[in-house]
Amino acid sequence: MVRFVLFRLLQSLIALAILSVVVFVLARATGDPLHMILPMNASAEDYANARAYLGLDRPYLQQYLSFVGRAVTGDFGTSIRARRPVIELLQERLPNSLKLAAFAMAVSLAIAFPLGVMAAVHKGTGVDRAAQIVAVLGQSLPTFWVAIVLVEFVSGRLQWLPAGGADGLASYVLPGFTLGWFVVAGMMRLLRSGMLEVLDSEYVKLARLKGVAERRVVWVHALKNALIPVVTFAGIYFAILVTTAIVVETVFAWPGLGRLAYDGITSRDFPVIQAVVLVTAILVAAVNLCVDCVYALIDPRIRYAR
Amino acid sequence: MNITRRIIVLSLLVLAGTASPVWAQAKSELTIALSSFSAETVDPALQGHNVKYYLSLMFDYLVGVTPDGQPSQQGGLASKWENSADHKRWTFHLRKGVKFHDGTEMTSDDVKFSLQRAMSKRSTTGYAGPLRTLIADIETPAPDRLVIVTKEPTLIIPTYLSRSLSTEGMVLPKKYIEANGDDAFARKPVGTGPYKFVEQVVGSHIKMTAVDSHWRIGVPKYKNVTFKLVPEETTRIALLRRGEVDVADVSRERVKELEKDGFPVHMRKEEALIHVWWILGPDGRTPPTNDKRVREALNLAIDRNEIAQSIFGGYAEPAAIPMGLSWSFKDVGFKVTPDLAYAYDPARAKKLLADAGLAGGFTQDVYAFQLPGFAEGKAFAEAIAGYWEKIGVKSRLIPVDYPAFRKQWVDRKAPGAVGYYNVANRDWIGAYAFLEKQGYTPSKLNDTVNDPEVDGMLSQVLRQTDRDKINALMRNVYTRLRSEHHGVPVVFVHSPYAASKTLGKWNPGSVMYDLFLDELARR
């Protein structure tokens, strides 16, 4: 098991090293950040001064080595746009993204679980069809559109909930629901198909024959066994929710990692882009590693089959 | 009531409690939601004029201005100023007893330090370059007196250090910065303005709290002022409707709806000129736009009234002078007579193209991008491309973001291609500074004109000390830019700011990138 974990860790480190080169090169290929921070009437001298001050006049290799050397100690440099250490910006934003993702995941679980189970138990009925519609809408309606509609009507017209910001529990509801709905669809379908398979299994039939109450058969015996793929899915999706909420964070003015990435990209803020991509990759790699380890613990064949 | 219902009811009660509209609270807060904070730095030396709207609350300028942009001896830290007979020594008399937010008294040492910092190589402010060229020495003969010595006779020093231009005139605390360092100052700035810094969360908000009493405002009306960064307009409007913000910048197309719903909309009239130009090649203009007739044809092909109505919802006025900023016209006595306006005349445009040997038209690249305060950017690019198509000029629209376009422009890698900008309107000195960069060949990087006659006149403005002669030079520059069609001035756009129903009277003024929100704080 230790060898397995070390091997996967090594794979993750190689992936991160390659990613650091890719993001370093791509960030610089898209333009010059000085065009954003210097005023339109800046002279060639202003450009030269700013380039030297920000260290952008050094050879690319030197810049890359400096970036990697500092990144391994947690120092991602200084934001070109905000002129603050990037690590401070990450410390401000990452917790907000984690909290929003946790809320969205809780919403998803709260909706997907009853829907998925009910759809499986009442297969082919109106309940099943309604659950399928929820799933289809969740996956097909563009997140941007859902977010705008919620802001316009629930917040702007009905004035029930805050439209933006991260102040208090109420401000989580609209962005959390918008972010979570997409996940509901996948989770609900996974749970439904898992439940259908389990409900048809021999041990469930035996439980019924033994006279166990139907509610207990469904919610205890069947659900427990249908949960394994859903838990895996939820784990991976949590990392995705943290790292891909750009649209939701922008519409709801949520100060998270997605907005930081978006602002970094639009202003060619290399240190921020590099840091966000690396942190995102570390997060995803860590979650994947955990999932792999859990799988390996559950099913020893995975350990030996690598 | 079963347990599920209880949980639902309790949850709704908790949400209702936490989500009650802010207008229920006492209004000692002023909250402004904006689509962009620009660079989001709170150090005046690290950004130029486009961050003035929040910095102007924390810092005072050496020279104040009225909301309509006139220098004011009441509005700045200098209560009066005078120049020597040779216009090379400018003496500023400073107010006594003005204190920074950390309790230290503001003196001429602070002003000198601030100016040197604004001119340092680290500075990225709008006009650091010209000040470096111009200023020879700064003397501090007394704590309340500062003398600026220039290399050349000039009239522009007070304006360059005033609130009407960029951030170079903001006065910073020398001792605080020297003791704590630039980075600490950029995290927790200290000024002499009516509001002191509380907190900044980059990408989210900037919070300030009122000083007990300010030399200019008195006791500020609002205890706290918060600027919220809200990129999405629907969200800004929803926040306004819920009473969570008091001022929000909105697009021109939402103005009528908001006014109908009773929200006052304050217009910054002619806030920006939507100006179109052709990128120069390494040696200047390239065919076919090196032909004056072609440039005129491209101007005549555009129906400015229709653009004002259809793209800008009627909140725009046709423009007539390439690079001509209307707030400067009155300063220099320039009048836009009816004969200067570009008529919409596609027939004459076609004839001009035929005269230039281009009866079959030609093809050009048009970069399409959006800019802060100019959400209509791409629609605008499509519209002008459509007008040019009608006279046989095929336009290839290239969707990019602004930094990508700017690289093409300053690197001169796409000669003859078309770009545009919403150039902030400004007074004569600001207009001169703009022309000196974008219409002056020696500036190289940003030049879009390349005309020796314009260069000759602009080079005289800075050295001229007779205001009448400066005015004549500026008028002649405008006349030349118009007669040579050095660009396509399309419209002046009005910028709307929606306010809460309880905000009261507010004059957002007509100073570049300044909303005069401190005037709202005056009791």
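Cut-offs and rules
- In this convention, every chain numbers its residues from 1, walking through the sequence in written order.
- Whichever chain is written first becomes A and whichever ligand is written first becomes 1, with later ones labelled in order.
- Since the coordinates come from a predicted model, pLDDT governs what is reported: local features require at least 70, and pairs of side-chain atoms require 80 or more to be given and counted, while whole-chain, interface and lining totals use all residues.
- Excluded from the side-chain calculations are hydrogens and water; all other atoms, namely the structure's heavy atoms, are used.
- When a carboxyl oxygen of Asp or Glu lies within 4 Å of a side-chain nitrogen of Lys or Arg, that pair is called a salt bridge.
- Numbered from the N terminus, helices here are DSSP runs of H or I no shorter than four residues, and strands are runs of E no shorter than two.
- Categorising residues by exposure relies on relative accessible area from a 1.4 Å probe, with only protein chains included: less than 20% of the type maximum marks a residue as buried, more than 50% marks it as exposed, and the intermediate range marks it as partly exposed.
- Strands are treated as partners if at least two bridges between them are detected by DSSP.
- Like charges within 9 Å and nonpolar side chains (Val, Leu, Ile, Met, Phe, Trp, Tyr) within 5 Å are joined into patches, using only residues over 30% in relative accessible area that form no salt bridge.
- Residue-level accessible areas treat just the shown protein chains as cover; the underlying method is Shrake-Rupley with a 1.4 Å probe.
- By the convention used here, residues are in contact when the closest approach between their heavy atoms is within 4.5 Å.
- Defined in terms of a 1.4 Å probe, buried area is the accessible area two parts forfeit on being brought together, summed over both.
- For this analysis, a polar contact is any N or O atom pair within 3.5 Å, provided that within protein one partner can donate a hydrogen and the other can accept it, and provided that sequence-adjacent residues contribute only side-chain to side-chain pairs.

Asker: Just give me the short version of the pattern of salt bridges, but keep the residues and values in it.
Answerer: Residue and element names in this part refer to chain B. On inspection of all chains with the given rule, the structure shows 43 salt bridges over all chains. Arg-216 is the salt-bridge partner of Asp-60, the closest N and O atoms lying 3.3 Å from each other. Separated by 156 residues along the polypeptide, Asp-60 in the loop between α2 (52-58) and β2 (64-65) and Arg-216 in the loop between β9 (205-210) and β10 (224-229) bring together distant segments of the chain. Asp-60 gets classed as buried once you look at its relative accessible area, which sits at 1%. Of the charged contacts, one joins Asp-182 and Arg-117 as a salt bridge, the two residues approaching to 3.0 Å between their closest N and O atoms.

Asker: Explain the pairing of strand β5 (residues 89-94) of chain B to me, using residue names and the numbers behind them.
Answerer: Residues and elements named next belong to chain B. Across the six residues of β5, five count as buried, placing the element largely inside the fold. Where strand β4 (residues 78-83) lies against β5, five bridges are found, and the strand directions are antiparallel. Within the sheet, the bridge partner assigned to Glu-82 lies in β5 and is Thr-91. A loop of five residues connects β4 with β5, the two strands running antiparallel in sequence, and His-87 in this loop sits at a positive phi of about 60°. Across five bridges, the pairing between β5 and strand β7 (residues 145-150) is antiparallel. Bridge pairing links Trp-90 to Ile-148 in β7.

Asker: An account of a nonpolar patch on the surface is needed here, citing residue identities and associated values.
Answerer: All names here are of chain A. A surface patch of nonpolar side chains, about 470 Å² in accessible area, is lined by Leu-10, Ile-14, Ile-18, Val-22 and Leu-26. Tracing the chain through its elements places Val-22 in helix α1 (residues 2-29). Judged by its relative accessible area of 38%, Val-22 is partly exposed.

Asker: I'd like a description of the interface of chain A and chain B, backed by residues and values.
Answerer: Taken together, the contact pairs 51 residues of chain A with 57 residues of chain B. Carbon and sulfur atoms make up 55% of the area that chain A and chain B hide from each other, which totals about 4,500 Å². Applying the counting rule to chain A against chain B returns six salt bridges. A salt bridge links Arg157(A) to Glu257(B); the nearest nitrogen and oxygen atoms lie 3.3 Å apart. Inspection of the chain A/chain B interface yields ten residue pairs in polar contact (both at pLDDT 80 or more). Among the elements of the structure, α2 (34-37), α3 (44-53), α5 (86-121), α7 (143-157), α8 (170-199), α11 (246-251) and α12 (257-266) of chain A are those that each provide at least two residues to the side of chain A that touches chain B.

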